[in-house]
Amino acid sequence: MLNNVKLRVEDLRVWFPVRRGLIEFLQRKPQKFVKAVDGISFYIKKGEIFGLVGESGCGKTTTARALMRLIEPMGGKIFFYGEDGPIELTSLNKKQLKKFRTKIQMIFQDPYESLDPKQSVFDALSEPLKVNKLVKNSKELLERILSVLEDVRLYPPESFIDRYPHELSGGQRQRVVIASALVLNPEIILADEPVSMLDVSIRGEVLRILLELKEKRGLTYLFITHDLSLARVICDRIGVMYLGKIVETGSSEEVIKNPKHPYTKALVSVIPVPDPTIKREKIILKGEVPSPMDVPSGCRFHPRCPYFKEGVCNKEEPTLMEISKEHLVACHLWEDI
Amino acid sequence: MLEVKGVKTYYLTDEGQVKAVDGVSFAMERGETLGLAGESGCGKTTLALTITRLLPRNARVISGEIYFDGVEILSLDEEEFRKIRWKDISIIFQEAMNALNPVRRVGDQIVEAILLHENVAREEAVDRVMNALEMVGIDRERFWHYPHEFSGGMRQSALIAMALVCNPKLVIADEPVTALDVMVRAQVLKLIKELQSKMDLSMILITHDLSVIAETCDRVAIMYAGKIVEIGDVISIFKDPKHPYTKGLVKAFPSIYGPRELPASISGTPPDLLNPPSGCRFHPRCPHVMDICKVEEPEMKRINGKQYVACHLY
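Residues numbered from 1 in each chain as written. Chains lettered and ligands numbered in written order. Predicted model: local features only at pLDDT ≥ 70, side-chain atom pairs only at ≥ 80, totals over all residues. Heavy atoms only, no water.

Undergrad: What exactly am I supposed to notice about the overall build of chain A here?
TA: If you tally the helices and strands in chain A, you get 10 helices and 12 strands. Taking 20 Å as the expected radius of gyration for a compact globule of 337 residues, we find that chain A reaches 22 Å, a close match to that expectation. With respect to the three principal axes, the spread of C-alpha positions in chain A is 70 × 60 × 45 Å. Burial statistics for chain A: of 337 residues in total, 53% are counted as buried. For chain A, restricting intrachain contacts to residue pairs at least 6 apart in sequence, the fraction spanning at least 24 positions comes to 64%. (Helix = DSSP H or I, 4+ residues; strand = E, 2+ residues; numbered from the N terminus. Rg over C-alpha atoms; globule rule 2.2 N^0.38 Å. Buried < 20%, exposed > 50% of the residue type's maximum accessible area, 1.4 Å probe, protein only. Contact = heavy atoms within 4.5 Å.)

Below is the structure:
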């Protein structure tokens, strides 16, 4: 067991049952599931930024929601290591969960949807504090809100508290969203594509604030993104997801510069590069990701894999194996390709 | 082949005129792919809608001329222009799901585009559509399928087939890969590049994503707040940008081949086009702002070869 682990996920599964029609029910057809997250394990060290990367539908957002228990997982364990020892989140009852929730907060992708247009910045930030009864009086409430606005660099904070979302620019809105996650003093932040809806010229600013906050408050991040070049810059380690599974994990630089799984290899080869002088060989996979309702047998990547080996890849599901320090890959053939 | 001269397109709103495109000029040669880049709200889509004359009702072309093969197209009446649209100038829209009618077969929708513009028999049109689908990597028999039976990448490819089926001279693609995942995006970009070399296509590719332009375009025009601030060949613009906005934009995209550092940001936010800033529109955000920038609008100046920039620094 590693030291300094803040969050550990073991064999997490999130399956959504598919509605059966009456006839299917009477025919006793088996219940089908959308296997959005299908047995993933990872850990995040204290003060680390761990990235979950992959294409849309691979299960990265569902994972984050399950960690918050906004969705109930079908199976698996989630350990949170706080000051008073580990807490296993899936076993908490509603009351315990409510008390615990302030410790993990989520930043959503769309700053236009995660703020209530009829709520002022002050209202949006005071609500979580009031609900969780974290402030004694209105003076303390105001102080806390002003300080968190300063933390996300909205200066002077007094000029922002009475504004409504439509009076803020996209970047300012996302900073208010970050502030509303921070105001409860969480220990872990789950950031789901926090800059992908923002104009490119202001993304750097928001990312800088997130990194600054990590240092200042000793936060731990789960950073969800589809953008591998961003993950390389932001994350210490990443996990590459495909169809509900982590297929490769390791330090972000190692995974991107020296990918071992055929899917990671292909994904890295098609990363958009803003440089017309760079010519590279792209591995363009055929077709699209299969439906999580009909997960292929064996290695779930086998129908699209350029290295597919009959009788091996479609028979047994590969598990994550450590191939060098902290670099794990789930592929039967990784040594030969 | 295409020459845009001093075009201004404004939206009339209750609060006043939104100057979405405010004096844009450029020219294009046959067989060329021109990228049009800029952030949301810079007027790039409005410019495309002006060229294709598909502007919404509250938009007005205030001034300017657009010559296509020597003909001024803004002064043509709707009937005359309809002969040009799709046959000579076609469009690939951004949202493949919204651009296709969900209750009609994909093939029929493309056939309709042919029958509207050309006097051919239906059988011939069907055959051409099947060939066009095949050309973009979709099985001929998919002609009979509905949009929901297509995957995201196939829908985008079908829209490309639809744009090409009348053999247009110019194709305008508005964010053709933005809504797609990286792998599908790579598939569609590969298709676009193959078609460029196969068909000697002229293309205007509109996107906020400089990496798409780096991969597909010969030249690129950078738009900011309704104006082109810099235009030139892709290598010069990416490797030796002159305008402070272009410099900032190029640095805002992280590259896996670059240093492992945070993407740079440009301070401030894009201006409100109801009341754009005086002088150079970028001056409130510009790190090199001078007194002249606040009062006088910079003219387009030639820097070298094909590179032009509108900035008082030069």
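Undergrad: Would you mind showing me how to read the nonpolar core here?
TA: A general trend in soluble globular proteins is that nonpolar side chains are found buried together. In terms of nonpolar packing, the biggest core is built from 68 residues, with Leu-149, Phe-223 and Ile-238 of chain A touching the most fellow members. Those residues in contact with Leu-149 of chain A that sit more than four places away from it in its chain are Val-121, Leu-125, Leu-154, Pro-157, Phe-160, Ile-161 and Ala-179 of chain A. Membership of the second largest hydrophobic core comes to 66 residues, among which are Ile-138, Val-177, Ile-266 and Cys-286 of chain B. (Core = buried A, V, L, I, M, F, W, Y, C linked by side-chain atoms within 4.5 Å.)

Undergrad: What am I meant to see in the interface of chain B and chain A here?
TA: Interface size, as often reported, equals the accessible area lost upon joining of the parts. At the junction of the two partners, chain B supplies 41 residues and chain A supplies 44 residues. Three residues, Met-183, Ile-256 and Arg-260 of chain B, lead the burial of chain B against chain A; their summed loss comes to 22% of the area buried on that side. Where chain B packs against chain A, one counts four salt bridges. Inspection of the chain B/chain A interface yields 17 residue pairs in polar contact (both at pLDDT 80 or more). Among the elements of the structure, helix H6 (152-164), helix H7 (182-199), helix H8 (210-216) and helix H9 (234-239) of chain B are those that each provide at least two residues to the side of chain B that touches chain A. It is H7 of chain B that provides the largest number of residues to the side of chain B that touches chain A, a total of eight residues. (Buried area = accessible area lost by both parts, 1.4 Å probe. Salt bridge = Lys/Arg side-chain N within 4 Å of Asp/Glu carboxyl O. Polar contact = N/O pair within 3.5 Å; in protein donor to acceptor, adjacent residues only side chain to side chain.)

Undergrad: Just to check I follow, could you spell out the packing of helix H6 (residues 170-182) of chain A against helix H7 (residues 200-217) of chain A for this structure?
TA: Any two packed helices are characterised by the angle at which their axes cross and by the distance between the axes. All names here are of chain A. Running from amino to carboxyl end, H6 crosses H7 at an angle of 20 degrees, the nearest separation of the two axes being 10 Å. In terms of their interaxial angle, H6 and H7 are classed as roughly parallel. As H6 runs across H7, the sense of the crossing is right-handed. The residues of H7 that touch H6, namely those facing Gly-171, Gln-174, Arg-175, Ile-178 and Leu-182, are Ile-202, Glu-205, Val-206, Ile-209, Leu-210, Leu-213 and Arg-217. (Axes fitted to C-alpha atoms, helices over the stretch in contact; angles between N-to-C directions. Parallel < 35°, antiparallel > 145°, perpendicular 65-115°, else oblique. Left-handed = near helix turned anticlockwise from the far one by under 90°.)

Undergrad: Any chance you could explain the sheet that holds strand S7 (residues 188-192) of chain A here in plain terms?
TA: Where strands meet in a sheet, backbone hydrogen bonds hold them as pairs that are either parallel or antiparallel. Residue and element names in this part refer to chain A. Spatially, S6-S7-S8-S3-S9-S10-S12-S11 is the arrangement adopted by the eight strands of the open sheet, whose pairing is mixed. In the strand order of this sheet, the two ends are held by strand S6 (104-107) and strand S11 (321-324), each with one partner. The average undirected angle you get between the axes of adjacent strands in this sheet is 20 degrees. In this structure, strand S10 (residues 245-251) lies alongside strand S12 (residues 327-329), joined through two bridges in antiparallel fashion. By the bridge assignment for S12, Glu-248 is matched with Val-329. Sitting on the sheet, helix H2 (residues 60-67) is in contact with strand S3 (49-53), S6, S7, strand S8 (220-225) and strand S9 (237-242), with an inclination near 150 degrees to S8. (Pairing = 2+ DSSP bridges.)

Undergrad: Explain a nonpolar patch on the surface here, please?
TA: Residues Met-290, Ile-292, Val-295, Leu-313 and Tyr-314 of chain B make up a contiguous nonpolar surface patch of about 420 Å² in total accessible area. Tracing the chain through its elements places Val-295 of chain B in helix H11 (residues 291-295). (Patch = residues over 30% accessible without salt bridge, like charges linked within 9 Å, V, L, I, M, F, W, Y side chains within 5 Å. Areas by Shrake-Rupley, 256 points an atom, 1.4 Å probe, with all protein chains shown as cover.)

Undergrad: What is the right way to look at H6 of chain A in this model?
TA: Residue pairs three or four apart in sequence face the same way in an α-helix, which turns once every 3.6 residues. Residues and elements named next belong to chain A. For H6, built from 13 residues, the straight-helix expectation of 18 Å at 1.5 Å per residue is met to within 8% by its first-to-last C-alpha distance of 19 Å. The buried count for H6 comes to 12 of 13 residues, which makes it a mostly enclosed element. Within H6 the residues assigned to the buried category are Gly-170, Gly-171, Gln-172, Arg-173, Gln-174, Arg-175, Val-176, Val-177, Ile-178, Ala-179, Ala-181 and Leu-182. Here the buried face of H6 lies against S6, helix H4 (121-131), helix H5 (138-151), S7 and H7. (Expected span 1.5 Å × (residues − 1).)

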